[in-house]
Structures are given as C-alpha cells and as structure tokens.
Amino acid sequence: MKSSFNDTFLRACRKEPTPYVPVWYMRQAGRYQPEYRKIREKYSFFEMNYIPEVCAEVTKLPVDQLGVDAAILFADIVTPLKPIGVDVEIRSGIGPVIDNPIRNTADVRRLGELDPVSDIPFITDAVKILANELRVPLIGFAGAPFTLASYMIEGGPSKNYYKTKAMMFTAPETWALLMEKLADMTITYLRAQIAAGAKAVQVFDSWVGAVSEADYREFIFPTMHRIFSSLKDTGVPLIYFGVGTGHLLRSFNELPVDVLGLDWRVTITQARTEYGVDKALQGNLEPALLLAPWETLEKKAKQVLDEGTEQPGYIFNLGHGIFPQCSVETMQKLTALVHSYSRKNGEM
Ligand code: CP3
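Residue indices follow the written sequence of each chain, beginning from 1 at its first position. Where totals are concerned, whole chains, interfaces and linings use all residues; where local detail is concerned, this predicted model gives features only for residues with pLDDT of at least 70, and gives and counts side-chain atom pairs only at 80 or more.

- Looking at an unreviewed UniProt entry, one finds the protein named Uroporphyrinogen decarboxylase, with Laceyella tengchongensis as its source organism.
- In the Pathway (unreviewed entry) part of its UniProt record, the protein is described as follows: "Porphyrin-containing compound metabolism; protoporphyrin-IX biosynthesis; coproporphyrinogen-III from 5-aminolevulinate: step 4/4."
- UniProt positions are given in the numbering used here, feature names are shortened, and annotations may be inferred rather than shown by experiment. Under the UniProt heading Subunit (unreviewed entry), the entry covering the protein gives this text: "Homodimer."

What follows is the structure, encoded as structure tokens:
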C-alpha cells in the first residue's frame, strides 16, 4: 500500500480506533456536480459506465472535490443485469426501466450466468485504474437480490412491490430460483471487483424495508447469508445497507457482515441499544437536511456524530443518496465539519 494511503475508512469498518470519523456519501458522484453534468452531456449513463477511463474519472470527482475518505465505483446496481439477459435502461429522473420483466419460472431459467472476463471487463478495468490512482479505498458494490428482483419483476421503480411480493408468496419455488441465480451473480460480480482491487464492498438492498421481518427471514435472509458467507474469505469489509429497515436490524445483525448502513428513521443509539446491533455502523444523516439552513444541518450532523462516536466502528454517511438539488459547497462544508468536529472530540 502507498505510504500516503488513507485507510481511516477501512479501520472504522473493522471497529479499530481512528483519529477522526471517516466519511463518504452514497451517490457521491452525480448530477449535483457541474463536472458530472458536463461529462453526462456527452455520454449516456451506460456509455459512462462502459468506458473505463470515464468511469474512473467520474468515480474520482467527489474524492478530489469533497475530500471524502472513500471512493465508490461509478456504476449502477443494474449494470451486471444486462449481460445476463435483462433488457434494462436508465431513464433520468425515473431510474432503471426493464422492457422484459420476469413473470414466471421460464423467464428465470433464461437468465444467464455472469462471466466476469467476457461480460464486465469494463468494470474490472475501471477498478484496476482506480486501485492504482486513488489514495483512499475504493468501495465496490452490487445490488442485493431482493432489490434487483423488484426492478426485474415490476419492470421499473415501484411503491408497493405487489408483483414482487406476489411471486414470493404464490410461486415460492420460482422466487427461490431467482434469489439463487441473483446471489450467484452477486458473488461472482463482487469477487471480480475485489480481485481487481476494490478494498471493501457494499451491498445495496435499498427496497427490502418493504417486507416484514418474518418474510425477510423466510424469503431473503438465507440468500443474504450465503452471499456474505461466501465473500468472507476475501478479507475485505462487507457492508449491507437498506432504506427503512429498522424492523430488520436484528436479522441484519445475524449476517456475517462487518458494517450495517442505516437510514435516518432510526438513530444510531436506537440501533445499538434497542436493536442490539454490534457491527460497525454507517450513516445516517437525513438527506433532506442538505437543503436546510447551514445552522440546522450543522446541529443535526453533530448529533449524528455524537451518537456515532460513542463506540469505535463508525463511518459518517447520509441515510440515503445525495440528490441532484444538493450543492457541492454544502457537501464540502459538511465533509470538513465531520472531520474537524470528530477530531476535536477525539482529543478531548
Ligand atoms: O457515486 C455513487 O454512489 C456510485 C454510483 C451509483 C449509482 N447508482 C449511479 C447512478 C450507485 C452506488 C448506485 C446504486 C443504485 N442505483 C441504487 C442503490 C442505492 C440507492 O440509492 O438506494 C439503486 C436503487 C439504483 C437504481 C437507480 N439508478 C436509481 C434509483 C437511479 C436514479 C434515477 C434518477 O435519475 O434520479 C439510477 C440512475 C443513476 N445511477 C444515476 C447515477 C449517477 C443518475 C444517472 C443520470 O441520469 O445521470
């Protein structure tokens, strides 16, 4: 590792003491940045994703601009679905849209297997460039099977996930096969990113908060357990994140992961005391506060930091992604605040 390498984020993932609280933001590369918008004028989302030099450049934008302690690979959770036969496009302001949704067992059986060498060389090439150039760890990522399945079955974003849940409840064998195939893909995809140089991986189960704890345990937990167990031997920190998942935290805490990402609906103290989470924690500032007056944002960010720093193993982040209306200046100020406030507290 290079001598100037900043490994604060990796140390926090492993619950080791750090001189200050490391910070990165979900969706830290995106339309809130004028530089991103400029590159985006020239390329579609997938074109940016497919050209390793462009992908690496966009990944690095927030690292240089905000001074965050980790980079996250510029891609999307649906990126590895295209090579296995899912006809997905990304529509600005909407998200992933799929023209050939999964309806039955035959559709699930038709899904291919991911071959990293022939299917995603653009990802592994981008990771190699980044691993060589970055002075902070690169986080690789993947979507979790439930969240990917929700797009594949609904055909796009959804409010109630009725079609997804209907498959889960009425065709449990089809559901199990879909979970199995997506889990295999996720494991292959993350292993390829780690082999190419990703120093940690985050699995985004953004929409899994829509299910009850009993259904999570029956229909999803075994799949997540298998994914994380089979990645353990890579030695890199494993992070799991979902939105609105307070009721699932006890189950999440039983998974072989290093870090749990929280949204803003539960406090860090609640996660630790009420739900008994003993993993490192990442989060969880309400993203809408990025539009509030600075004094309000500062006060709330300090509250989050006070709770987070009660125990080692804490990484500052938002409770969900940055959105286009945010300002670069606010993100810079917030990042500086996280660093200076946590450093000061550490010395006291
Ligand atoms: O900087 C980063 O965080 C890395 C890149 C990243 C993107 N998507 C790029 C992107 C990551 C980690 C994701 C994950 C992702 N994608 C998730 C999980 C995280 C979460 O937010 O819950 C989900 C659910 C998706 C699906 C998806 N893709 C959505 C909801 C959207 C946004 C639609 C919109 O226009 O608001 C996308 C498109 C997308 N993915 C963009 C980016 C930068 C916007 C593309 C553009 O129009 O320029």
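Focus: the UniProt feature "site: Transition state stabilizer" (unreviewed entry) in the protein
Phase 1: Following the UniProt record, the feature "site: Transition state stabilizer" (unreviewed entry) maps to Asp76 here.
Phase 2: Once C-beta atoms are placed from the backbone, each residue is buried if 20 or more other C-beta atoms lie within 10 Å of its own, exposed if 12 or fewer, and partly exposed for counts between those two. Note on Asp76: 17 C-beta atoms within 10 Å, which makes it partly exposed.

Some remarks on helix α15 (residues 294–308)
Phase 1: Helix and strand definitions follow DSSP, with helices as H or I runs of at least four residues and strands as E runs of at least two, each counted in order from the N terminus. Residue count minus one, scaled by 1.5 Å, sets the expected span of a helix. The first and last C-alpha atoms of α15 sit 21 Å apart over 15 residues, in line with the 21 Å expected at 1.5 Å per residue.
Phase 2: The complete set of buried residues in α15 reads Ala301, Val304, Leu305 and Gly308. The buried residues of α15 all sit within an arc of 100 degrees when viewed along its axis, so they share a single face. The exposed set on the far side of α15, more than 90 degrees from its buried face, consists of Glu295, Thr296 and Lys299. Throughout, the arc means that of the directions going from the helix axis to the C-beta atoms.

Side note on the packing of helix α8 (residues 145–154) against helix α9 (residues 162–170)
Phase 1: Axis lines are fitted through C-alpha atoms, for helices just across the contact stretch, and the angle between N-to-C directions can take any value from 0 to 180 degrees. It is at 8 Å that the axes of α8 and α9 come closest, and there the two elements cross at 105 degrees. One element, α8, and the other, α9, form an angle in the roughly perpendicular class. Contacts from Ala149, Ser150, Ile153 and Glu154 of α8 reach α9 at Lys163, Thr164 and Met167.
Phase 2: Amino acids outside the nonpolar list (Ala, Val, Leu, Ile, Met, Phe, Trp, Tyr, Cys, Pro) and the charged list (Asp, Glu, Lys, Arg) are all regarded as polar, and Gly is one of them. The residue inventory of the contact of α8 with α9, partitioned by class, reads 3 nonpolar, 2 polar and 2 charged. Oblique is the label for every angle not falling under 35 degrees (roughly parallel), over 145 degrees (roughly antiparallel), or within 65 to 115 degrees (roughly perpendicular). By the criterion used throughout, residues are in contact when their C-beta atoms, derived from the backbone, lie within 7 Å.

So, the sheet that holds strand β9 (residues 314–318)
Phase 1: In this scheme, strands are said to pair when DSSP sees at least two bridges between them. The parallel open sheet is built from 7 strands, whose spatial order is β1-β4-β5-β6-β7-β8-β9. Where the open sheet ends on each side, the last strands, each with one partner, are β1 (71–72) and β9.
Phase 2: As paired strands, β1 and strand β4 (residues 138–143) are joined by 2 bridges and run parallel to one another. The residue bridging Ala71 from the neighbouring strand is Leu138, located in β4.

Quick notes on the nonpolar core
Phase 1: Here a nonpolar core is just a set of buried residues of the types Ala, Val, Leu, Ile, Met, Phe, Trp, Tyr and Cys, joined wherever their C-beta atoms sit within 7 Å. Of all hydrophobic cores here, the largest spans 110 residues; its most connected members are Ala71, Leu73, Ile139, Ala198, Val201, Val208 and Ile315.
Phase 2: For this core, the leading source of residues is helix α10 (residues 172–196), giving 9 residues.

Quick look at the packing of α10 against helix α12 (residues 221–231)
A pair of packed helices is characterised by two quantities: the angle between their axes and the separation of those axes.
Phase 1: Contact geometry for α10 and α12: axes closest at 10 Å, N-to-C directions at 25 degrees. It follows from the interaxial angle that α10 and α12 lie roughly parallel. Between α10 and α12 the crossing geometry is right-handed. On the side of α10, the interface is formed by Met179, Ala183, Thr186, Ile187 and Leu190, while α12 contributes Thr223, Arg226, Ile227, Ser230 and Leu231. Each crossing gets its handedness from the near helix: less than a right angle anticlockwise from the far helix is left-handed, clockwise is right-handed.

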